[in-house]
Amino acid sequence: MRPAASVLLLTTATGFGFGLLAWLGAYSVLGLLPGHARVLVAAGVATSLLFASFGLGASMFHLERKERAWRAFSQWRSSWLSREGVAAVLTYPVAIAFAAVFWRDGPVIWARLLGAAALVASLGTVYCTAMIYASLKPIRQWHNRHTAADYLLYAVFSGAVLFATLHTLDLGAPGATASAAAAAAAGIALIAKRAYWRHIDAQTPLATLATAIGLPKGIEARPLDAPHFTENYILRQMGFAIARRHAVKLRRIVLVVGFALPLVLSILAGLTLAPMTTTTLAVACAGIGLLLERWLFFAEATHVSAVYYGRRI
Amino acid sequence: MTMLPERAPGAKRLGLVIDLDTCVGCHACAVNCKEWNTGGEAGILPDYDKYGPEPDGVWFNRIHSYETDGQGCSRTVNVPRSCLHCEDALCVTVCPTGASYKRVQDGIVLVDTDKCIGCQLCSWACPYGARELDEKAGVMRKCTLCIDRIYDEHLPPAEREPACVATCPSRARHFGDLADPDSKVSQLVKERGGVDLLAGLGYRPTNKYLPPRRATIPTAPVKPPAPGGKGIGAALLGLLDKALSR
């Protein structure tokens, strides 16, 4: 599948934003936010909505007819893309109310309830995003049990490193809980990514050319003439292929930059070793790594319709 | 509305039956489809770089040619590929705007191009590669089963069929109601063992493909030319051949 910049930025940035909001919500539910954390909560919610807005804004560039985007809120009963839009828009007022109540009254029951709502809404939005991909049956690398869990994990991970940075900005250190959470999330995300790659490497293609054209068993087919001499829309979108040796290199970079480095940096930050530098670096590494990870998620995905053109699926 | 409609009892399921045994791969169906669907007022099938080095454009119908081996023979199989108007059309349910829909009365899957935002998710959801983006208008295009022909009462009844069917010179394309077990197309599917493409994915396509039949004319393997033979005559001929070849 062709990795479009708009979609890569959308899923990565909303992952950071909604992931951060989920952590703020979780902290508030668990009563880990003291009354003097109002600046942290306000700045955190503002940052999370900034990231989410950047991602949602980027997604607009994927639409050919942006002026009709409002229509996308209508089909939430069947479409995960529509549900994503609805969930994202619902998350904003919840997040703002959470920050406002916390700012005024501190960790009162209402603030904690709104925090819980923000946690559910933000992770719900990420889940809807993931399900857009996970529900597409023609793409075996997406239509599996890993996709939704992975998107949630990467959002939680990127939110955790961002939260540790904000915590440091506010209080001078990320705190043991936040840095331990970031390190643990990085570790789990790394394991999940490796498990995903093992899974897709072991899959068999959804069809062979012979089954795709409905030939009886025992007959093999190979392409003779393509419908047209030049590339077309289907081939540009679904026929995108990445060389195996490049994929192997990029996977290593993702594991090291995206997950291993943030893991180590988070531990260093937890030991109060130049926490401002280490937490910021962890966010930068996670950002670059996850963008690359998202690029691979598309580039390595194959669409069954490409089989009609004799391409590897 | 992108929920799939409940099938009303007695509702039609219009679709195509394509005979892979008799399709000669002439592309006439694709050309007539393009002509019919571009010729109207809307001009909805755009072309890009028409006379340049990389001509490209939207086609509802694309014809692939394959070589096959098996059942004791090799042969060419031509496969016209277009929208199959699936019963479980994922392209419809993924649509966030309600632009994609399946008609209750005849099962035809259409795009309301006034609502389409060009997010292209439907093209990702289709395993048959039947939906293409109109890069000029920024909306998705797909086969309409020539809805503007099949219901046009100004046309003589015999012409109320899709352009691809009307033009096929080898009668490899058939149009009809696949919900009616007595219709000509349903009978054809039954007789010839018509199949669903990519049946395993569970889209339950309406269009059916009739697999190529086994060759029924026995053909003897070609014998290699007889060697020169033995004896004095063959030896003399061999000498003569050598002398003349010098």
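Engineer: So what exactly am I meant to see when it comes to the overall build of chain A here?
Structural biologist: A count of helices and strands for chain A gives 10 helices and 1 strand. The order of helices and strands in chain A, counted from the N terminus, is α-α-α-α-α-α-α-β-α-α-α. Scaling as 2.2 N^0.38, a compact globule of 313 residues should have a C-alpha radius of gyration of about 20 Å, and chain A matches this with 21 Å. Principal-axis analysis of the C-alpha atoms places the extent of chain A at approximately 70 × 45 × 30 Å. Residues counted as buried form 55% of the 313 residues belonging to chain A.

Engineer: I tried to follow the domain arrangement of chain A on my own but got confused; where do I start?
Structural biologist: In many reports, interface size means the accessible area that the parts give up when they come together. Residue and element names in this part refer to chain A. According to the domain assignment, chain A consists of domain 1 (1-135) and domain 2 (138-313). Distance between the C-alpha centres of domain 1 and domain 2: 21 Å. Domain 1 puts 27 residues into the contact, and the matching count from domain 2 is 31 residues. At the level of elements, helix 1 (5-29), helix 2 (38-60) and helix 4 (109-134) are the ones that each hand at least two residues to the side of domain 1 that touches domain 2. With 10 residues, helix 1 is the single largest residue contributor to the side of domain 1 that touches domain 2. Here the residues of the side of domain 1 that touches domain 2 are counted per class, giving 19 nonpolar, 7 polar and 1 charged.

Engineer: I tried to follow the environment of A:Gly218 on my own but got confused; where do I start?
Structural biologist: Residue and element names in this part refer to chain A. Here Gly218 is to be found in the loop between helix 7 (209-212) and strand 1 (220-225). Residue Gly218 is classed as exposed on the basis of its 9 C-beta neighbours within 10 Å. Sequence separation between Gly218 and Leu33 is 185 residues, and the spatial gap between their C-alpha atoms is 66 Å.

The rules we used
Residues numbered from 1 in each chain as written. Chains lettered and ligands numbered in written order. Predicted model: local features only at pLDDT ≥ 70, side-chain atom pairs only at ≥ 80, totals over all residues. Helix = DSSP H or I, 4+ residues; strand = E, 2+ residues; numbered from the N terminus. Rg over C-alpha atoms; globule rule 2.2 N^0.38 Å. Buried ≥ 20, exposed ≤ 12 C-beta atoms within 10 Å, placed from the backbone. Domains from an automatic or database assignment. Contact = placed C-beta atoms within 7 Å. Nonpolar A, V, L, I, M, F, W, Y, C, P; charged D, E, K, R; others polar.

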